[in-house]
Amino acid sequence: SSGINAEYGGVDKVLSAARYMIACQIAAEPSVRAAVRSTYYDRALLSITPTASGIKEIDDNHPYAKFKFIKDKPVKELAGDEFLRMWGAQQEGYVKLSLSIHDTGAKDSFLEEI
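Each chain has its residues counted from 1, running along the sequence as written. Owing to the predicted nature of the model, reporting of local features is limited to residues with pLDDT of at least 70; listing and counting of side-chain atom pairs is limited to 80 or more, with chain, interface and lining totals taken over all residues. Where side-chain values are given, they derive from all heavy atoms of the structure, hydrogens and water being excluded.

Engineer: Give a description of the sheet that holds strand 1 (residues 44-50) that names residues and reports values.
Structural biologist: Strand pairing follows a simple DSSP-based rule, namely that at least 2 bridges must link the two strands. Only DSSP runs of H or I with at least four residues qualify as helices, and only runs of E with at least two residues qualify as strands; both kinds are numbered from the N terminus onward. If you walk across this open sheet you meet the three strands as 2-1-3, and the pairing is antiparallel. What marks the edges here is a single partner per strand, and that holds for strand 2 (70-74) and strand 3 (95-101). On average, adjacent strands in this sheet sit at an angle of 25 degrees to one another, irrespective of strand direction. Bridge count for strand 1 against strand 2 is three bridges, and the pairing is antiparallel. The residue of strand 2 that forms the bridge with Leu45 is Pro74. Strands strand 1 and strand 3 of the sheet are contacted by helix 3 (residues 30-43), whose axis makes an angle of about 50 degrees with strand 1. Running over the sheet, helix 5 (residues 82-91) touches strand 1, strand 2 and strand 3 and is turned about 125 degrees from strand 3. Axis angles are defined between N-to-C directions and span 0 to 180 degrees, where every axis is a line fitted to C-alpha atoms and, for a helix, only to the segment in contact. Contacts are assigned to residue pairs with any non-hydrogen atoms lying within 4.5 Å of each other.

Okay, here's the thing in structure tokens:
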């Protein structure tokens, strides 16, 4: 125990490093990555709020008018190049995009689903 404390900075740091190594190995597994990607895609929600510039510049005739305000739109409902146009609006400083995960209310349901 004293060797671990002196050489590696304590038991907690060793356990933390071990957890990190295992997480990296698990995350590198193609089947785990596919499961996480699929679950995230099914449960991810997109919200968009306009910036001060967006409020001022985006009117009803603007190309970005369709998604000036969006709250909790399921990512799986995005079609065609819709996300790319939203991303472009963010890059131009008109809107701010944010992603969240739909919570079903069940404890640890996201991890269990994966």
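Engineer: Which residues make up the environment of Phe67, and what values go with them?
Structural biologist: With respect to the helices, strands and loops of the structure, Phe67 is situated in the loop between helix 4 (52-57) and strand 2. Under the relative-accessibility criterion, Phe67 is labelled buried at 2%. Placed 18 residues apart in sequence, Phe67 and Arg85 show a C-alpha to C-alpha distance of 9.3 Å. Excluding its chain neighbours within four sequence positions, the residues that come into contact with Phe67 are Ile48, Arg85, Met86, Ala89 and Val95. Burial status follows relative accessibility: with a 1.4 Å probe on protein chains alone, a residue under 20% of its type maximum counts as buried, one over 50% as exposed, and anything between as partly exposed.

Engineer: Summarise the side chain of Ser47; cite the residues concerned and give the values.
Structural biologist: Mapped onto the elements of the fold, Ser47 is located in strand 1. For Ser47, the residues in contact, after removing those within four places along its chain, are Ile70, Lys71, Asp72, Lys96, Leu97 and Ser98.

Engineer: Tell me what's going on with the pairing of strand 1, and back it up with residues and numbers.
Structural biologist: Counting buried residues along strand 1, six of its seven residues qualify, which places the element largely inside the surrounding structure. Where strand 1 meets strand 3, seven bridges bridge the pair, whose relative direction is antiparallel. When the sheet's bridge partners are listed, Leu45 is paired in strand 3 with Ser100.

Engineer: Quick one: what's the story with a nonpolar patch on the surface, residue by residue and with numbers?
Structural biologist: Like-charged residues within 9 Å of one another, or nonpolar side chains (Val, Leu, Ile, Met, Phe, Trp, Tyr) within 5 Å, are grouped into patches, provided each residue has over 30% relative accessible area and no salt bridge. Surface accessibility follows the Shrake-Rupley procedure with a 1.4 Å probe radius. Residue values consider only the protein chains on display as shielding. By definition, a salt bridge exists where a carboxyl oxygen of Asp or Glu is found within 4 Å of a side-chain nitrogen of Lys or Arg. On the surface, Tyr40, Leu99 and Ile101 cluster together to form a nonpolar patch covering roughly 250 Å² of accessible area. Positionally, Tyr40 belongs in helix 3.

Engineer: Lay out helix 5 in plain terms, naming residues and giving numbers.
Structural biologist: Where helix 5 is concerned, the buried positions are Glu82, Met86, Gly88 and Ala89. Looking straight down helix 5, one finds its buried side chains confined to an arc of 155 degrees; they lie on one side. Opposite the buried face of helix 5, at more than 90 degrees from it, the exposed residues are Leu84 and Gln91. Taken together, the buried residues of helix 5 touch strand 1, strand 2 and strand 3. Of the residues flanking the end of helix 5, it is Gly93, one or two places downstream, whose phi is positive at about 85 degrees. Summarising the geometry, the arc corresponds to the directions from the helix axis toward the C-beta atoms.

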